[in-house]
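One-letter residues, chain by chain:
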Amino acid sequence: MSTEKTRFEWDEEKDRENQVKHRVSFALAQRAFFDPRRVIVEDVGHSKDEERYYCIGRVGEGVLTVRFTYRGHVIRIYGAGYWRRGRKIYEEQNQIYG
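Quick caveat: nothing in here was measured; it's all calculated off a predicted structure.

1. As for the nonpolar core
Counting residues in each nonpolar core, the largest one holds 14 residues, and the members touching the most others are Ala 29, Phe 33, Leu 64, Val 66 and Ile 77. Of all the secondary structure elements, the ones that give two or more residues to this core are α2 (26-29), β3 (52-59), β4 (62-71) and β5 (74-81). Here Ala 29 is in contact with Val 24, Leu 64, Val 66, Ile 77 and Ala 80, once residues within four sequence places are set aside.

The structure is reproduced here in structure tokens:
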């Protein structure tokens, strides 16, 4: 997935809810996609009406997990947070230990 021509979108109310619940804005979450070592994993638990994914990438000092769907050249973000499971997957895929 190339992010050169890709744009991001999200529901503003969902963004506010995510900021309250996980303390992460979707504007910040989009930065995970620009980590050259990011990991993209299918979200099989939520892929009923359309395929959904997790983007796990380093943002600042942490590893951020972003839940999204991809529609043409639009990445629609619907959740994000600094979750331990995402960090574990990121470290395993990038062979980071310590």
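2. Description of the sheet that holds strand β1 (residues 7-9)
Read from one edge of the open sheet, 5 strands run β1-β5-β4-β3-β2, paired in mixed fashion. Strands with a single pairing partner mark the edges of an open sheet, and in this sheet they are β1 and β2 (39-42). Strand after strand, the sheet turns through a mean of 35° between neighbouring axes, direction not considered. As defined by bridge partners, β2 adjoins β3 across 4 bridges and the pair is classed as antiparallel. Paired with Val 41 across the strands is Tyr 54, a residue of β3.

3. So, the packing of aromatic side chains
Considering all chains together, one arrives at 5 aromatic pairs under this definition. The lysine or arginine in question, Arg 52, covers the ring of Tyr 78, its NZ or CZ lying 4.1 Å from the ring centre.

4. Describing the environment of Val 41
Tracing the sequence through the fold places Val 41 in strand β2. Judged by relative accessible area, which is 28%, Val 41 ranks as partly exposed. Between the C-alpha atom of Val 41 and that of Trp 10, which follows or precedes it by 31 residues, the distance is 20 Å. Setting aside residues up to four positions removed in sequence, Val 41 forms contacts with Tyr 53, Tyr 54, Ile 56 and Ile 89.

Thresholds, definitions, all that
Residues numbered from 1 in each chain as written. Predicted model: local features only at pLDDT ≥ 70, side-chain atom pairs only at ≥ 80, totals over all residues. Heavy atoms only, no water. Core = buried A, V, L, I, M, F, W, Y, C linked by side-chain atoms within 4.5 Å. Buried < 20%, exposed > 50% of the residue type's maximum accessible area, 1.4 Å probe, protein only. Helix = DSSP H or I, 4+ residues; strand = E, 2+ residues; numbered from the N terminus. Contact = heavy atoms within 4.5 Å. Pairing = 2+ DSSP bridges. Axes fitted to C-alpha atoms, helices over the stretch in contact; angles between N-to-C directions. Phe/Tyr/Trp six-rings, centres within 6.5 Å; stacked < 30°, edge-to-face > 60°. Lys NZ or Arg CZ within 6 Å of the ring centre and 35° of its normal.

These figures come from the coordinates and say nothing about function on their own.
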